[in-house]
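The primary structure of each chain is shown beneath.
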Amino acid sequence: MRRYHERTRTQVEAVRKRAQLRAVRDALVAENAATEDVDRLLEKADAEVDSETTALLESWDELAEQYRGDELVFRVRDKEIRTSLWRDTLSGSRIPRVALPRYTEPGELLSFLRREHLPGYFPFTAGVFPFKREGEDPARMFAGEGDAFRTNRRFKYLSSDSEAKRLSTAFDSVTLYGWDPDTRPDIYGKVGTSGVSIATLDDMKALYDGFDLTAPTTSVSMTINGPAPTILAFFLNTAIDQRMDAFREEHGREPTEEEAAELRAWTLRQVRGTVQADILKEDQGQNTCIFSTEFSLRMMSDIQEWFIANEVRNFYSVSISGYHIAEAGANPITQLAFTLANGFTYVESYLARGMHIDDFAPNLSFFFSNGMDAEYSVLGRVARRIWAVAMRDRYGANERSQKLKYHVQTSGRSLHAQEMSFNDIRTTLQALCALYDNANSLHTNAYDEAITTPTESSVRRALAIQMIINKEWGLSKNENPLQGSFVIDELTDLVEEAVLTEFERITERGGVLGAMETGYQRGKIQDESMLYERLKHDGSLPIVGVNMFRSPHPEDDEVEVELARATEDEKQSQLRRLADFHERHRDEAQRALARLREAAAGGENVFGVLMDAARVCSLGQITHAFFEVGGQYRRNV
Ligand SMILES: CC(C)C(=O)SCCNC(=O)CCNC(=O)[C@H](O)C(C)(C)COP(=O)(O)OP(=O)(O)OC[C@H]1O[C@@H](n2cnc3c(N)ncnc32)[C@H](O)[C@@H]1OP(=O)(O)O
């Protein structure tokens, strides 16, 4: 990264000197004066400008001309997209969707092109696509509560007004730890609470019932980490079974073996979504680690290898997440540095497994928290620039691999139980940051999340925040509003340098895994959390309605909040459905579990075998089989 910037500095100097010499030469010619000395210097200056710089500057004039026209045609994958370049206001002004820099001096221009460029151009600082997607907003609201049937209804409610079905699934803690629902007192109360209970393929089918999982407009995210491989296997089997059912309905018969194989392969090529599966951040910032870290990393590689073999190219095998690191207390710089370092660790781990960078990098995605601090305004910009330069210059990766795509959730930690209605204001500002920065996906928190799982009405308000910014807010007609701002430039460089310095600290500790063994990441997150809490409590970090501008009538603040919990009926029904599933698959399950243990112990790709086991075994059965061969997680203390 630093070499890249150093190269920018020397090239900017070179083109600037060349331009100055050219001006001197023109002036001498105008005066009929001798130009030999200047010609000699100009020749030297020319030689200092490299071919990449020349190409960049030469292509700019043509590109800028295209952006001054009415429409632009560009390609994403094999799709040609024609888009209008202007948006009109009620007052009749024409707002450019992408505003161009006004630099006339070539050094300034080159500096902009190498550090920023327009959205959609290396190093993708301002976005990985030239324009925002039309017909599909980034909104992806996280939901899950009770059983699969209730959550299915919530998904339908949330996506009813949008053709694009962008679902994001919250699982209950029993599922997050890979267990089955049970009457055990430490499990029973948690079934279907703060997330949906999913124990079997049957549950998964009920969860996404009515959503066509192979439609290009459906995209499903699943927030699960320790048991991610099993949940992913449930999901992919659900998508495959949907196609098989559709075939039966259409043809009135079973598909032949060949037809079934073709349907399965087609489904895997289409299915769109993300599984979180980020075990490194779980160890560092959250807690749902269930297997040994080595076994989890191996399973992640197995999934990615299986994705490549089956051409699963529209589904992200991991969502490399800073959100939980931030929620645990990290400041935005630490969030970004740890997350990117984790990302590079997955890259190294997949390369070590023999996968090619361009075969797996497009399956990686990222997830950040946007809070109130100034640095959040540039988090995506810095992440995209570091990733693009490292991918191109260190790993020799292609353009698609250079593009870092990320989801944002507004910060839960920044919401407060006092004066809850103020929380929407915080969320609005954080969402504005994300949308100004061309985040690829966005969840906006509901104002009551400091107390409970959002209700239908609070989640509707949260979604309205995004819609108001996208549809009503005037400056959203422009898609690169952060570019060209002095303070944003300053912050981008400052945060990037701080992230690089943090990389050095991690490297000194033996890299991400070495640092984890010493508890470095957890320690740093805790220290930063303490600082925040201390400043909040002593009032030096102002929080409106909490430590200043407190309500003169706190009793008015005591609103009745409906606490969302799974009902007794839902819990009992989950237990019955699970017992029925176990009963129906009793013999097959034992054979599948034996085969799974054999694959895991024998070093085979476990995910292929897991795809079969997930049809007849429950989550808890699979988790326990893996405990026997993969080792259970134990925290270093
Ligand atoms: C405990 C709590 C806190 C949690 O942890 S909640 C966690 C919730 N997590 C999530 O919801 C994760 C969400 N993640 C995602 O949505 C993805 O990983 C993501 C990459 C960030 C965004 O994905 P999506 O919005 O579904 O779309 P993409 O996959 O980017 O786009 C699909 C294709 O559409 C096309 N596309 C997308 N955007 C554009 C634009 N702007 N222009 C043209 N074409 C586009 C393009 O062809 C894309 O594929 P590629 O060519 O491979 O880039």
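In what follows, the structure referred to is the one given above.
What you see as residue numbers is a count from 1 along each chain, following the sequence as written. Only residues with pLDDT of at least 70 are given local features in this predicted model, and only at 80 or more are side-chain atom pairs given and counted; all residues enter the totals for whole chains, interfaces and linings. Only hydrogens and water are set aside; all other atoms, that is, all heavy atoms of the structure, feed into the side-chain values.

(A) Region of the structure containing the sheet that holds strand 13 (residues 441-443). A pair of strands is treated as paired once DSSP finds two or more bridges between them. The helix count covers DSSP runs of H or I at least four residues long, the strand count covers runs of E at least two residues long, and both are numbered beginning at the N terminus. The strand order across the open sheet formed by four strands is 10-11-12-13, and the pairing between neighbours is parallel. Only two strands of the sheet have a single neighbouring strand rather than two, namely strand 10 (318-321) and strand 13. Between one strand axis and the next, the sheet turns through 25° on average, direction left out of account. Here strand 11 (residues 364-370) runs beside strand 12 (residues 406-410); their pairing, made up of five bridges, is parallel. Looking across to strand 12, one finds that Asn370 is bridged to Thr410. Its contacts with the sheet put helix 18 (residues 423-436) on strand 11, strand 12 and strand 13, and the angle it makes with strand 12 is roughly 165°. Orientation is described by axes fitted as lines to C-alpha atoms, over the contacting stretch for helices, and by angles from 0 to 180 degrees between their N-to-C directions. Contacts are assigned to residue pairs that have any heavy atoms within 4.5 Å of one another.

(B) Region of the structure containing the pairing of strand 12. Whether a residue is buried, partly exposed or exposed follows from its accessible area with a 1.4 Å probe, protein chains only, as a fraction of its type maximum: under 20%, in between, or over 50%, in that order. Counted residue by residue, strand 12 has five buried out of five residues, so it is predominantly covered. Here three bridges tie strand 12 to strand 13, and the two strands are oriented parallel to one another. Paired with Val408 across the bridge in strand 13 is Leu442. Handedness of the crossover joining strand 12 and strand 13 through helix 18 is recorded here as right-handed. Here, the term right-handed applies to a crossover whose path from the first strand over the helix to the second runs clockwise when the strands point away from the viewer.

(C) Molecular detail of helix 22 (residues 520-538). Helix span, expected: 1.5 Å multiplied by one less than the number of residues in the helix. Taking 1.5 Å as the rise per residue, helix 22 with 19 residues should run 27 Å; its terminal C-alpha atoms sit 27 Å apart, in good agreement. Among all positions of helix 22, only Tyr520, Gln521, Lys524, Ile525, Glu528, Ser529, Tyr532 and Lys536 are buried. Projected down its long axis, helix 22 shows its buried positions confined to an angular sector of 165°, all on one face. Looking at helix 22, the residues exposed on the side facing more than 90 degrees away from the buried face are Asp527, Met530, Arg534 and His537. Residues of helix 22 that are buried make contact with helix 11 (279-284), helix 13 (323-327), helix 14 (332-352), helix 20 (486-508) and helix 21 (511-517). Of the residues one or two after helix 22, Gly539 is the one with positive phi, at around 85°. This arc corresponds to the set of directions leading from the helix axis out to the C-beta atoms.

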